[in-house]
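Observations on the model geometry
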Amino acid sequence: MENLLKAKIKQAVEVLYNCSVAEELIQIQETRKDFSGDFTLVVFPLLRFSKNTPENTGETIGSYIVDKFPAISGFNVIKGFLNLEISNLWWKEYFTDLAGSKSLFEKCRVEKPETILVEYSSPNTNKPLHLGHIRNNLLGYSLYRILSVCGHSVIKTNIVNDRGIHICKSMIAWQRFGNGETPQSTGIKGDHLVGKYYVIFEREYRLQAAVLVQQGMDVAKAKNEAPLMAETREMLLKWEAGDPEVYNLWKMMNSWVYAGFDETYDKLGVDFDKIYYESDTYKLGKEIVLTALENNVLYKNADSSIWADLTSDGLDQKLLLRSDGTAVYMTQDLGTAVDRYREYKFDKNIYVVGNEQNYHFQVLRTILKRMGYDWAEGLIHFSYGMVELPEGRMKSREGTIVDADDLISEMQETARDVSLELGKLADFSDVEKEEIFRKIGLGALKYYILKVDPRKNMTFNPAESIDFNGNTGPFIQYTYARIKSVFRKAEQLGIKEEINSLSEAKVGVKEIEIVKLLRRFPETVSASAAGYSPALIANYCYELAREYNQFYHDFSILGETDQSIRNFRLILSRVTSEVIYNGMWLLGIEMPERM
RNA sequence: GGACCUGUAGCUUAAUUGGAUAGAGCAUCUGGCUACGGACCAGAAGGUUGGGGGUUCGAGUCCCUCCAGGUUCACCA
C-alpha cells in the first residue's frame, strides 16, 4: 500500500507542479491514533515544488489522490500532514488475502539470503550459568529464529571457554580440598559443584595473599606469589604441554559441567548446531599469531611475548602470546574466527556478547584485517547491555549473583501459585498442569527479558518479573488462551469459518483497527532482523494482545446475530491467535492452549 | 587520563530512525461481569525527555558544552 501511495503521490506532484520528485522526499507513515486516517504524507519536503503553504499543498495533493485512487475514501489536512483514509473495503480485501495466506513470514523473506553464524551463550566451565547468561541465550536463540524466517541460513554456535587459567583454579581447589567429591557422590549438579571449588579457590587464595601482605610483601607481588596462584600457573603450562594427569582431571571436571549446562539449556529451550571448544581453537590461534609475526604484522618483545601494535588505529598494544608461550583469550578468538570461516565461508558471524567487550571485538576485527582476512568485515558484535538488580550490579563477592537454575524454578513456582489460586485448571492431570506452569513461568521470564531493547542495560526486578498482569508474557499467553477457548465453544456450537464472504461483512472500526495492526507483523519481523532486536516483536505482540482484548471485551463473537459479522470476527480471532503464536515463537516463548 | 556507552512519569520502559498533543505497564485512586475466560476492560492522576546552547519548517532522536552514572584501556576471560 505504501508503495502504491508513493507512486500516486509522485505522479500527483509531477502532474500538479510539473516536477519529478526523488523517492526519499515522499514520506509515508501510518497515521497516529489521535488523528483520523490510515496513512499520512508529510508534506513539508514537497513545499519546494508546490511553492505554497503546507495546508494548500496538502489539500491539492489530497484532492488529486482521492480523485484518481478509488481505495482512498477521503483525506484531511492538519498542519503539514496529509492524512489519507483507506476505504473499509480495501482493508477487508486485504484481510481476506491475509486469512488465506499460507505463511505469515512470506513477506519477511530477504532477496539475498546469507549464511550467518550466531554465537551465543559462551560459558566458562568454572561456574554455573547466571542471569546474564539467560539474557544472552534468549537473545541469541531468538535472533536465530528471526533471521531464519527471513530466509537466511543460520548456524547456532556456542564457544565454550574450557581452558585457561580460570579453569585451572577450580581444578587446583578440587585437588586440594575436594576429597574426591563428584556430582554422583554429592547429588550436586555438575556445574554447581565445579563452581563451588572456584569459589573455594578464590577464598583460599585471598587468604594466602593476605598472609604474605601481613609479612610485609606489597599487594601486587603477594597476589603473584601466593602458592595457590603459582600452582595454577604451573598447571596451565602442564595442561598446554599435554600432561596426562592434568588432562584427565580437566576432562572429568568438564564433563560434569557439560552435563549441568545441558540441563539448563534444555530448560531454557535453547540448543546449538555446532559447539566450539577453546581447547581446540587456541592452537590454531597460536599458529596464526606466529605466522603473522613472520609477516611482520606483529612484534616480539625482549621477554619473547608477542604483541600487536594498534596505536595507528587509535587502539592500544595488545598481547597475543605470553612470555611463557601460552595463549590468551584474544589468541583463541582469532583461531576460532579463522576456523569458522574455513568451515562455513559465512557472510556474517554474529557474536552475542555483552557490551563490556566492545573494545575486545574492535581489536579482534582490526587484528584480523591486518592479517589480511577481508571477511573480518562480516564479524558483528551484537553488543547487549548488562542485567542489573535494583541494588546495582550482580557481584559474586557479595553473593548477589542470580543463578539461572534457581531463577527458572522460582518462576515456575510462582506460576504454580498464581494458577492454583485462580483455580481454572481443575480438570487437568498433575502432569498437564506442571506443563502449563512451566510454559507460564518461562514465558514470564523470557518476555520480561526480551521486551527491552537489547542494547540497553536493564534492571531485573524480581518482584516485577513475577507479575503476570499488564505488559507481560502471561498477559499475551492469556489472550491466546482466551481465543482458543472461543474456538472450542464455536466447535461445540457447530460454527465454521467462511473465508469467501469476508469483504461483505459490515464490521466496525475496531475490527479494522486490528486488521491494521495485523498488517504490521511482517514488517516488524523484518525490522527486528535488520536491527537485531527481538524487543520490537515482543512489544508488537503486546500491542496486538491489548488491542484484541479491548475488542474481545466490547464485542461478542459467537453471540453476534449477523452471520457475516460473526464470521469475520471469528476469522479475525483466528488470524490474531496465529500472529501472536508465531510472534512469541520467534522469542522462544510457548503458548498454552489453556491456563 | 584516553576511548566508548547511557540518562524519558515514583519504578520498569516505548516512540515507525528527524515528524503532529512523548505512548504503555507497575504502584496509587475511581468505576465495570446474567457474556466467548476478571491473569480482563474503562477512567483519573503522574513529563521542562539530566542542564544549557546550536542546526532545522519540525529535535527525546543530529552537533557542541557542562552534569551524573556505567564500561573499557591486564602476561584475566
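Residues numbered from 1 in each chain as written. Chains lettered and ligands numbered in written order. Predicted model: local features only at pLDDT ≥ 70, side-chain atom pairs only at ≥ 80, totals over all residues. Heavy atoms only, no water.

Turning next to helix 1 (residues 2–17). Relative to the 22 Å expected for 16 residues at 1.5 Å per residue, helix 1 spans 22 Å between its end C-alpha atoms, a close match to the ideal helical length. Those residues of helix 1 not exposed but buried are Leu5, Ile9, Ala12, Val13 and Tyr17. Along helix 1, the residues classed as buried sweep out an arc of 95 degrees about the axis, all on the same side. Opposite its buried face, helix 1 presents the exposed residues Asn3 and Val15, each directed more than 90 degrees away. Summarising the contacts, the buried residues of helix 1 are in contact with strand 1 (27–30), strand 2 (39–42), helix 2 (47–50), helix 3 (54–68), strand 3 (72–78) and strand 4 (81–86). Looking at the residues trailing helix 1, positive phi occurs at Asn18, about 60 degrees. (Helix = DSSP H or I, 4+ residues; strand = E, 2+ residues; numbered from the N terminus. Expected span 1.5 Å × (residues − 1). Buried < 20%, exposed > 50% of the residue type's maximum accessible area, 1.4 Å probe, protein only. Arc of directions from axis to C-beta. Contact = heavy atoms within 4.5 Å.)

To continue, consider the sheet that holds strand 8 (residues 299–300). Spatial ordering of the open sheet is given by 8-9-10, a layout of three strands whose pairing is antiparallel. Two strands lie at the open edges of the sheet, namely strand 8 and strand 10 (317–321), each paired on one side alone. Examined bridge by bridge, strand 9 (residues 306–309) and strand 10 share four bridges and lie antiparallel to one another. Each residue of the ladder has a partner; that of Ile306, found in strand 10, is Leu321. The strands that helix 12 (residues 278–294) touches are strand 8, strand 9 and strand 10; relative to strand 10, the one it contacts most, it runs at about 120 degrees. (Pairing = 2+ DSSP bridges. Axes fitted to C-alpha atoms, helices over the stretch in contact; angles between N-to-C directions.)

This part takes up the sheet that holds strand 3. On the basis of which strands lie adjacent, the open sheet formed by four strands has the order 1-2-4-3 and antiparallel pairing. Whereas interior strands pair on both sides, the edge strands pair on one side only; in this sheet they are strand 1 and strand 3. In this sheet, adjacent strand axes meet at a mean angle of 25 degrees when their direction is disregarded. With six bridges connecting them, strand 3 and strand 4 associate as antiparallel partners. Bridge pairing links Ile78 to Phe81 in strand 4.

The next subject is the environment of Pro454. Within the secondary structure layout, Pro454 lies in the loop between helix 16 (430–450) and strand 14 (458–459). Taking the relative accessible area as the measure of exposure, Pro454 reaches 0% and is therefore buried. On a C-alpha basis, the gap between Pro454 and Asn355 in space is 10 Å, while along the polypeptide they are 99 residues apart. Ignoring anything within four residues of it in the chain, the contact list for Pro454 reads Arg135, Leu139, Phe382, Ser383, Tyr384, Gly385, Tyr532, Ser533, Pro534 and Ala535.

Bringing the domain arrangement of chain A into the picture now. Looking at the assigned domains, one finds that chain A contains domain 1 (2–86), domain 2 (161–270) and domain 3 (404–586). In this structure, domain 1 and domain 3 have C-alpha centres spaced 36 Å apart. Taken together, the contact between domain 1 and domain 3 spans six residues of the former and six residues of the latter. For domain 1, the biggest contributors to the area lost against domain 3 are Glu30, Lys33 and Asp38; these three give 74% of the whole. The interface formed by domain 1 and domain 3 includes three salt bridges. When the shortest N-O distance is used, the salt bridge between Asp38 and Lys516 registers 2.6 Å. The tally of links from domain 1 across to domain 3 stands at two residue pairs in polar contact (both at pLDDT 80 or more). Residue composition of the side of domain 1 that touches domain 3, by class: one nonpolar, one polar and four charged. (Domains from an automatic or database assignment. Buried area = accessible area lost by both parts, 1.4 Å probe. Salt bridge = Lys/Arg side-chain N within 4 Å of Asp/Glu carboxyl O. Polar contact = N/O pair within 3.5 Å; in protein donor to acceptor, adjacent residues only side chain to side chain. Nonpolar A, V, L, I, M, F, W, Y, C, P; charged D, E, K, R; others polar.)

A word on the protein's contact with RNA strand B. In the vicinity of RNA strand B lie 63 residues, with Asp303, Asp316, Lys424, Ser485 and Phe555 positioned nearest. Restricting the count to atoms of RNA strand B within 4 Å of the protein gives a sugar and phosphate share of 61%. In the model, a phosphate oxygen of RNA strand B is placed 2.6 Å from a nitrogen or oxygen of the Lys79 side chain. Secondary structure elements with two or more residues in the surface near RNA strand B: strand 1, strand 2, strand 4, helix 6 (165–177), helix 15 (404–422), strand 14, helix 18 (473–493) and helix 21 (534–554). Across the surface near RNA strand B, the residue classes break down as 27 nonpolar, 21 polar and 15 charged. (Near = heavy atom within 4 Å.)

In this structure, Thr576 sits in helix 22 (residues 563–586). Among residues more than four places away in sequence, those in contact with Thr576 are Ile483, Ile514, Leu518, Leu544 and Tyr548.

As a further point, take the state of the cysteines. Throughout the structure, instances matching the rule amount to zero disulfides. Here Cys150 is not disulfide-linked; the sulfur of Cys108 is the nearest cysteine sulfur, at 5.2 Å. The cysteine Cys541 is free of any disulfide, with Cys108 supplying the nearest cysteine sulfur at 12 Å. (Disulfide = S-S within 2.5 Å.)

Glancing now at the packing of helix 8 (residues 190–214) against helix 10 (residues 227–241). Relative to each other, helix 8 and helix 10 sit at 125 degrees, their axes nearing to 8 Å. With respect to their mutual orientation, helix 8 and helix 10 come out oblique. Touching Phe201, Glu204, Tyr205 and Gln208 of helix 8 are Pro227, Leu228, Met229 and Thr232, all from helix 10. Here the residues of the contact of helix 8 with helix 10 sort into five nonpolar, two polar and one charged. (Parallel < 35°, antiparallel > 145°, perpendicular 65-115°, else oblique.)

Relative to the helices and strands, Ser323 is located in the loop between strand 10 and helix 13 (329–344). Expressed as a C-alpha distance, the spacing of Ser323 and Glu435, which sit 112 residues apart in the sequence, is 55 Å. Those residues in contact with Ser323 that lie beyond four places of it in its chain are Asp303, Ser304 and Ser305.

A positive phi angle, near 65 degrees, is found at Asn296, a position not held by glycine. Assessed through its relative accessible area of 67%, Asn296 is described here as exposed. The backbone of Lys345 shows a phi angle near 45 degrees, a positive value even though the residue is not glycine.

For the structure shown, the criterion picks out 30 aromatic pairs. On the basis of an interplanar angle of 75 degrees and a centroid distance of 5.1 Å, the ring pair of Tyr265 and Phe272 is categorised as edge-to-face. Relative accessible area serves as the criterion here: at 6%, Tyr265 is assigned to the buried category. Look at Tyr548 and Tyr552: their rings are 6.2 Å apart centre to centre, the planes differ by 40 degrees, and that puts the pair in the tilted class. In this pair, Tyr548 and Tyr552 are both assigned in helix 21, four residues apart and thus about one turn of the helix distant. (Phe/Tyr/Trp six-rings, centres within 6.5 Å; stacked < 30°, edge-to-face > 60°.)

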